Amino acid sequence: MDVKIDKSWYNELSSEFDKEYFWQLRNFIHSEYKTKIIYPQAKNIFAAFDLCPFDSVKLVIIGQDPYHEPGQAHGLCFSVQDGCVLPPSLRNIYKEIETDLGKQMPFSGDLSRWAKQGVLLLNATLTVEAHKAGSHQNKGWEEFTDKVIEILSKKKENLVFMLWGSYAQKKGSVIDAKKHLILKAVHPSPLSAYRGFFGSKHFSQANNYLISKGIEPIDW
């Protein structure tokens, strides 16, 4: 696996690519793609970074694992490729946007349009074996994405972080709340969305914060 990532991110993360854990991760991923069906396609592993360069980041949403069924994952958390049925969590995200902002739910689950506006859609783990949720956890991706969050918190100001569920909130524990807006809620999964995700108004809160800092809001 060659590290083909947006240049701005490569400059920020270059020291990570030389570390022992990343070399082990690289060898593991290379072997997995050669011998198994892995999602997303190799060219999309770093799609979240390629669509949202470092200098463009306004807002970060943290997910856990890529989708593991055919045709879904394309490198952005919660997002699926055009033509896929909307996954339950994404449907609930759209429902909350509809309630919060009055925007009608779109047919497409492709969130590339958010990424291009400065939303980093970051999964903690960037690859997965087909039909095996969590199969690439604890192989090194989490250490890499922890570093991404740490660098964003340290080097940028006035970002919005959306941390949905205990996993994302724990992963976001390094974020400096004095410099950034941290929005927390339960996960949008059908198992938990009714316990505080619905009605959280994260999308309007995020845009109001960005506007208050003189930053262009997100067209959700």
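Refer to the structure printed above.
Only a predicted model underlies this, so the values are computations on that prediction, with no experimental measurement involved.

Cut-off values and rules
Residues numbered from 1 in each chain as written. Predicted model: local features only at pLDDT ≥ 70, side-chain atom pairs only at ≥ 80, totals over all residues. Heavy atoms only, no water. Helix = DSSP H or I, 4+ residues; strand = E, 2+ residues; numbered from the N terminus. Rg over C-alpha atoms; globule rule 2.2 N^0.38 Å. Buried < 20%, exposed > 50% of the residue type's maximum accessible area, 1.4 Å probe, protein only. Contact = heavy atoms within 4.5 Å. Areas by Shrake-Rupley, 256 points an atom, 1.4 Å probe, with all protein chains shown as cover. Lys, Arg positive; Asp, Glu negative; His and termini not counted. Charge placed at Lys NZ, Arg CZ, Asp CG, Glu CD. Phe/Tyr/Trp six-rings, centres within 6.5 Å; stacked < 30°, edge-to-face > 60°. Lys NZ or Arg CZ within 6 Å of the ring centre and 35° of its normal. Pairing = 2+ DSSP bridges. Axes fitted to C-alpha atoms, helices over the stretch in contact; angles between N-to-C directions. Salt bridge = Lys/Arg side-chain N within 4 Å of Asp/Glu carboxyl O. Right-handed = clockwise from strand over helix to strand, strands pointing away.

Asker: Which parts of the structure should I look at to understand the overall build of the chain?
Answerer: Within the chain, the secondary structure is distributed over eight helices and six strands. The order of α-helices and β-strands along the chain, N terminus first, is α-α-β-α-β-α-α-β-β-α-β-α-β-α. A globule of 220 residues ought to have a C-alpha radius of gyration of about 17 Å, and the chain, at 17 Å, matches this closely. Across its three principal directions, the C-alpha atoms of the chain cover 45 × 35 × 25 Å. The buried share of the chain, taken over its 220 residues, is 53%. Here the contacts in the chain between residues at least 6 apart in sequence split such that 65% fall between residues at least 24 apart. For the chain, the accessible surface area stands at approximately 10,400 Å², while carbon and sulfur atoms represent 49% of it. Of the charged side chains in the chain, 27 are positive and 25 negative; the average position of the first set lies 2 Å away from that of the second.

Asker: Explanation requested: the packing of aromatic side chains in the structure shown.
Answerer: Counted under the stated rule, the structure contains 20 aromatic pairs. Between Trp 114 and Trp 220 the ring centres are 4.7 Å apart and the planes differ by 90 degrees, which places this aromatic pair in the edge-to-face class. Within this pair, whereas Trp 114 is found in helix α5 (residues 112–115), its partner Trp 220 is found in the segment after α8 (202–212), the two being separated by 106 residues in sequence. For Trp 114, a relative accessible area of 0% puts it in the buried group. One residue, Arg 26, lies across the ring of Trp 23, its end atom 4.2 Å from the ring centre. Residue placement shows Lys 156 over the ring face of Phe 54; its charged tip is 5.0 Å from the ring centre.

Asker: Explanation requested: the sheet that holds strand β5 (residues 160–164) in the structure shown.
Answerer: Two strands in a sheet stick together by hydrogen bonds in their backbones, pointing the same way (parallel) or opposite ways (antiparallel). Pairing is parallel across the open sheet formed by four strands, whose spatial order is β3-β2-β5-β6. A strand with exactly one partner marks an edge of an open sheet, and here the two such strands are β3 (119–123) and β6 (181–185). Recorded for the sheet is a direction-independent mean angle of 20 degrees between the axes of neighbouring strands. When β5 meets β6, the two strands line up parallel, connected through five bridges.

Asker: Looking at this structure, I do not really get the side chain of Asn 207. What am I missing?
Answerer: Its place among the elements puts Asn 207 in helix α8. On the accessibility criterion, Asn 207 (11% relative accessible area) is buried. With sequence-adjacent residues up to four places away left out, Asn 207 is seen in contact with Pro 217, Ile 218 and Trp 220.

Asker: Where do I start with the environment of Ser 31 in this structure?
Answerer: Mapped onto the fold, Ser 31 is located in helix α2 (residues 20–35). Spatially, the C-alpha atom of Ser 31 lies 14 Å from that of Gln 41, the residues being ten residues apart in sequence.

Asker: I would appreciate a short explanation of the pattern of salt bridges in the present structure.
Answerer: Oppositely charged side chains may form a pair once their charged atoms are brought near each other. By the definition in use, this model includes nine salt bridges. Where Glu 129 meets Lys 36, a salt bridge forms, and the shortest distance between an N and an O atom there is 3.8 Å. One end of the pair, Glu 129, is in strand β4 (residues 128–129); the other, Lys 36, is in the loop between α2 and β1 (38–39), with 93 residues separating them in the sequence. For Glu 129, a relative accessible area of 13% corresponds to the buried category. Given a relative accessible area of 37%, Lys 36 falls into the partly exposed group.

Asker: Looking at this structure, how should I read the side chain of Lys 171?
Answerer: Mapped onto the elements of the fold, Lys 171 is located in helix α7 (residues 166–171). In this structure, Lys 171 is in contact with Ile 62, Ala 124, Glu 142, Thr 145, Asp 146 and Ile 149, ignoring residues within four places of it in sequence.

Asker: What should I look at first to understand the pairing of β5 in this one?
Answerer: Looking down a regular strand, the side chains alternate between one sheet face and the other. With five of five residues buried, β5 lies mostly within the body of the structure. Looking at chain direction, strand β2 (residues 59–63) and β5 are connected through three bridges and run parallel. Bridging from a neighbouring strand, Ile 61 pairs with Met 162 of β5. Handedness of the β-α-β unit built from β5, α7 and β6 comes out right-handed.

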